[in-house]
Amino acid sequence: MKNRFWFCTVLVFALLAVAISAETLQAVVRLPDNNPAPFATVTVGDKVFEADAEGRVTLEVPADVKTVKITWLEVTAELPVSANLKFKNRLLYGPPYIKEDFVVTGPDVWEFTDDQISAPLGSETMLFYEDAFDNMVLRAKYSITNPEKAQWYYLRFFIRLYDPGFWGYSVNMSVVNDPYFVRYDGNWDQYVAANMTFFGPKPAEGKEYELVMFAKDETITVYHRDVAGKYTKVHQFVDNSPEAYFDGGFAIMKSYSGATIRELGIFAY
């Protein structure tokens, strides 16, 4: 009985020591452009903690744990334990936004501040950023206005295009038609039908959404969300054709809709 008593006492103290040695840590998971990583997860040993929409997460970290694994959609990293868990992917483009960074094709109606790009209703016009990004991530928050409810009004995000215009891979958002993904080959009507995929739901006018496009080798993956909710993986496209695009710049085209873009960022994948 005495031995059993001492065994139980030692076990209790051991459990208390483990509990006491686990630190509660308030942390924020951040993307390479320093914006929060919505709904990222942090793996500590065999436990997984999920961040909120602002990247905030409460962790229980044992004293002997020195690193954690962070994951946001398609990217992951192992980092030292810290209250600021920031992905180390190289930032390729981000704020402050400067019009001179872009080639404008069409009417020059774009308005820039350090943290926002916008354009009013009417006209078709494109911002083209010329570079040779290959494996990369495009992320942006956006809203659209289209009070006329016209069928051809779109806000389009392009990646891997080498000239201004309808080239490369594009996500096309509309408040009237279903959004769609397509690879354009020179004009709005030049594409392979098999490369066009529609998805929903349509964005509501004036409401803010987030779009994320991952490009790695021949695979393009697209996530979308209403900023009040979580991400949905809306499309994955594998382009094994001889005409596949493997690098290029990015662009935003406003086809008659009004648009506001925030948190636009490009980083290495």
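Residues numbered from 1 in each chain as written. Predicted model: local features only at pLDDT ≥ 70, side-chain atom pairs only at ≥ 80, totals over all residues. Heavy atoms only, no water.

Caption draft 1: How the structure looks around the sheet that holds strand β5 (residues 67-72). Spatial ordering of the open sheet is given by β3-β2-β5-β6, a layout of 4 strands whose pairing is antiparallel. Taken across any chain shown, the strands that pair with only one partner, and hence form the sheet edges, are β3 (47-50) and β6 (75-80). Direction aside, neighbouring strands of the sheet carry axes that sit 25° apart on average. The pairing of strand β2 (residues 41-44) with β3 spans 4 bridges and is antiparallel. (Pairing = 2+ DSSP bridges. Helix = DSSP H or I, 4+ residues; strand = E, 2+ residues; numbered from the N terminus. Axes fitted to C-alpha atoms, helices over the stretch in contact; angles between N-to-C directions.)

Caption draft 2: The arrangement of the sheet that holds strand β12 (residues 124-133) in detail. Judged by pairing direction, the sheet is antiparallel, and its 7 strands sit side by side in the order β9-β12-β21-β14-β15-β16-β17 without closing on themselves. Both edges of this open sheet fall to β9 (103-105) and β17 (197-198), since each of them pairs with a single strand only. Across 2 bridges, strand β16 (residues 180-185) lies against β17 in antiparallel orientation. Following the sheet pairing, F181 is matched in β17 by T197.

Caption draft 3: Summary view of the nonpolar core. Judged by nonpolar contacts, the single largest core of 42 residues is most densely connected at Y142, F157, I159, F250, I261 and L264. Other than its neighbours up to four places away in sequence, L264 contacts Y93, G94, P95, Y97, I117, R139, A140, F250 and I252. (Core = buried A, V, L, I, M, F, W, Y, C linked by side-chain atoms within 4.5 Å. Buried < 20%, exposed > 50% of the residue type's maximum accessible area, 1.4 Å probe, protein only. Contact = heavy atoms within 4.5 Å.)

All quantities given are derived from atomic positions and should not be read as evidence of function.
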